[in-house]
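One-letter residues, chain by chain:
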Amino acid sequence: LAKTTQPISMDSYEGQEVNITCSHNNIATNDYITWYQQFPSQGPRFIIQGYKTKVTNEVASLFIPADRKSSTLSLPRVSLSDTAVYYCLVGEKAGTASKLTFGTGTRLQVTL
Amino acid sequence: NAGVTQTPKFQVLKTGQSMTLQCAQDMNHNSMYWYRQDPGMGLRLIYYSASEGTTDKGEVPNGYNVSRLNKREFSLRLESAAPSQTSVYFCASSPNPTGGSSYEQYFGPGTRLTVT
């Protein structure tokens, strides 16, 4: 059963780059690493997913070292609206379904 | 392109009442899911559907039924509501197979259900 560990909270000022690291020592060979963002009273929002090396989209970058035992979500130049909880997920199954298991996540607070 | 929509947004039921939560997606996804999220806790999978006409139980299916009416719609029914079912219910869809290695899912805004 793959599990993840990430910091409980982080603080940042607006305009800074934020890096959130997640460790997943028991990741399965075929599993992707996926990050979600959740605002209060809203559904989780898919941010980015990767298997190895680096993935970048219009929102974030995801860095994955060769051993895949950790990953780092990088948010460039955060704004107040990036204040949210960020979840890192790796493989989890409920029967035959790819199930999302959210841990406590990292609560990012962005201030002026 | 609305993504995933859910109705209603809020609902209050009395113990023993029944209701159906509606979910629809316009992204042409085969895979759909129902989760519940309790305060301070993560998501728990109730039911999922790999394609139109198929449904399977997740972690916490007791007290719920589902219908995959067509490719777009996946409804969740509470036959006899109980206070333990007070929660926020999220529907999600995915472009990937339900049993795959990818966890890219797209969520609706949720239904906040209170059972008294």
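Use the structure listed above.
The rules behind these values
- Residues numbered from 1 in each chain as written.
- Chains lettered and ligands numbered in written order.
- Predicted model: local features only at pLDDT ≥ 70, side-chain atom pairs only at ≥ 80, totals over all residues.
- Heavy atoms only, no water.
- Helix = DSSP H or I, 4+ residues; strand = E, 2+ residues; numbered from the N terminus.
- Buried < 20%, exposed > 50% of the residue type's maximum accessible area, 1.4 Å probe, protein only.
- Salt bridge = Lys/Arg side-chain N within 4 Å of Asp/Glu carboxyl O.
- Pairing = 2+ DSSP bridges.
- Axes fitted to C-alpha atoms, helices over the stretch in contact; angles between N-to-C directions.

The next subject is unusual backbone geometry. Of note, the amide linkage connecting Thr7 of chain B to Pro8 of chain B takes the cis form, showing an omega dihedral of -5°. Within the secondary structure layout, Pro8 of chain B lies in the loop between β1 (4-7) and β2 (10-13). Even without a glycine there, the phi angle at Ser41 of chain A is positive, about 65°. Topologically, Ser41 of chain A is positioned in the loop between β3 (33-38) and β4 (45-50). Of the residues examined, Ser41 of chain A reaches a relative accessible area of 57% and is grouped as exposed.

Our next topic: the pattern of salt bridges. Residues and elements named next belong to chain B. Counted according to the given criterion, the structure contains three salt bridges over all chains. Asp38 is the salt-bridge partner of Arg36, the closest N and O atoms lying 3.0 Å from each other. Residues joined in a network through salt bridges with shared partners are Arg36, Asp38 and Arg44.

Moving on to the sheet that holds strand β3 (residues 19-25) of chain B. Residue and element names in this part refer to chain B. Taken together, four strands build an open sheet; the order of strands is β1-β3-β8-β7 and the sheet is antiparallel. The outermost strands of the open sheet, each flanked by one partner alone, are β1 and β7 (64-68). On average, each strand axis in the sheet is tilted by 15° relative to the strand beside it, whichever way the strands run. Looking at chain direction, β3 and strand β8 (residues 74-78) are connected through three bridges and run antiparallel. What sits directly across from Leu21, in β8, is Leu76.

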